[in-house]
Amino acid sequence: MHKRPKLVSVEVLPNWSQLWTFRPRVLGLNELSKRWMFHKEKSQWKAALWSCLNQHHSAESLAHKKPVTLSVKYFEPSVSRDPSNVDGGAMKALLDALVECGILPDDDWKWIKPPHTYDWVLEKTDPRVELTIREA
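Residues numbered from 1 in each chain as written. Predicted model: local features only at pLDDT ≥ 70, side-chain atom pairs only at ≥ 80, totals over all residues. Heavy atoms only, no water.

Engineer: What's the story with the overall build of the protein chain in this structure? I'm lost.
Structural biologist: Tallying secondary structure elements over the protein chain gives four helices and five strands in all. Element order for the protein chain, N to C, with α for helix and β for strand: β-β-α-α-α-β-α-β-β. Against the compact-globule benchmark of 14 Å for 136 residues, the protein chain has a radius of gyration of 14 Å, which places it among compact chains. When its C-alpha atoms are laid out on the principal axes, the protein chain stretches across 35 × 30 × 30 Å. (Helix = DSSP H or I, 4+ residues; strand = E, 2+ residues; numbered from the N terminus. Rg over C-alpha atoms; globule rule 2.2 N^0.38 Å.)

Engineer: Is there a simple way to think about the pairing of strand β5 (residues 128-135) in this case?
Structural biologist: The side chains of a regular strand alternate, residue by residue, between the two faces of the sheet. Most of β5 sits inside the fold, with six of its eight residues counted as buried. Pairing analysis gives five bridges linking strand β2 (residues 17-23) to β5, with the strands arranged antiparallel. For Leu 19, the partnering residue across the bridge sits in β5 and is Thr 132. With eight bridges joining them, strand β3 (residues 68-76) and β5 adopt antiparallel strand pairing. Note on β5: the bridge partner recorded for Phe 75 is Arg 128. (Buried < 20%, exposed > 50% of the residue type's maximum accessible area, 1.4 Å probe, protein only. Pairing = 2+ DSSP bridges.)

Engineer: What exactly am I supposed to notice about the state of the cysteines here?
Structural biologist: Such a bond, covalent and formed between the sulfur atoms of two cysteines, is termed a disulfide. Taken as a whole, this structure holds zero disulfides when the rule is applied. Cys 101 supplies the cysteine sulfur nearest to Cys 52, a cysteine that is in no disulfide, at a spacing of 9.6 Å. (Disulfide = S-S within 2.5 Å.)

Engineer: Help me understand the layout of surface pockets in this model?
Structural biologist: Vacant regions in the atomic arrangement are exposed by a probe of water-molecule size rolled over the atoms. One number sums up the size of the second largest pocket: a volume of about 150 Å³. Taken together, Lys 6, Leu 7, Val 8, Ser 9, Val 10, Ala 48, Ser 51, Cys 52, Gln 55, His 56 and His 57 make up the full set of residues lining the second largest pocket. Of all the elements, helix α2 (residues 35-56) adds the most residues to the lining of the second largest pocket, at five residues. Its residues placed into classes, the lining of the second largest pocket shows five nonpolar, five polar and one charged. (1 Å grid on protein atoms, 1.4 Å probe; cavity = no way out; pocket = protein on both sides within 12 Å on 5 of 7 lines; lining within 4 Å. Points joined across faces, edges and corners; volume = space filled by probe spheres on them. Nonpolar A, V, L, I, M, F, W, Y, C, P; charged D, E, K, R; others polar.)

Engineer: Sorry if this is basic, but what is going on with the pattern of salt bridges here?
Structural biologist: Pairing is possible between side chains of opposite charge, provided their charged atoms come close. Scanning the entire structure with this criterion turns up eleven salt bridges. The closest approach of N and O atoms between Asp 96 and Lys 42, which form a salt bridge, is 3.9 Å. On the criterion of sequence distance, the pair formed by Asp 96 in helix α4 (residues 83-100) and Lys 42 in helix α2 is long-range, its members being 54 residues apart. With respect to burial, Asp 96 and Lys 42 carry one shared label: buried. Close ionic contact of Glu 76 with Arg 81 constitutes a salt bridge, the shortest N to O distance being 2.8 Å. Exposure class is identical for Glu 76 and Arg 81. Each is buried. A single salt-bridge network, built from bridges that share partners, covers Lys 42, Lys 46, Lys 92, Asp 96 and Glu 100. (Salt bridge = Lys/Arg side-chain N within 4 Å of Asp/Glu carboxyl O.)

Engineer: Can you help me understand the nonpolar core in this one?
Structural biologist: General note: in soluble globular proteins, nonpolar side chains tend to be found buried as a group. Counting residues in hydrophobic clusters, the biggest one holds 30 residues, and the most contacted among them are Trp 20, Phe 22, Leu 98 and Leu 131. Phe 22 has contacts with Leu 7, Val 8, Trp 45, Leu 49, Leu 94, Arg 128, Val 129 and Leu 131, leaving out every residue within four places of it along the chain. Among the nonpolar cores identified, the runner-up in size contains five residues, and Leu 32, Met 37, Phe 38 and Ala 93 belong to it. (Core = buried A, V, L, I, M, F, W, Y, C linked by side-chain atoms within 4.5 Å. Contact = heavy atoms within 4.5 Å.)

From the geometry alone we can't say anything about function, so treat these as descriptive.
See below:
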């Protein structure tokens, strides 16, 4: 498990799209299978999100009022973790934090529309998750 502090940044793109970057990488389902670990991870990402919002934006200015689609790019330091393990753990923790911070109204079927796309990149020096949110 990583010990680096969690950092979040956001870049506003055209057409109400946003590129959220979460550093370092997010824990996978194997690590988050313990209930206390999931809540700790989500809480840390939520705190990092609030810090980002307080420094640069307001939650209201970034809040989505229409359904969205998601594109995720995982930058992993090795190929040792299963893609589905990483995707399941990362998306649950990050989407819950985005909802709790007011960026997304909810992470249910009404607000998250298909297609949900994801990609994997081997990146040894800067592991992270990049999440692009676009209005559907």
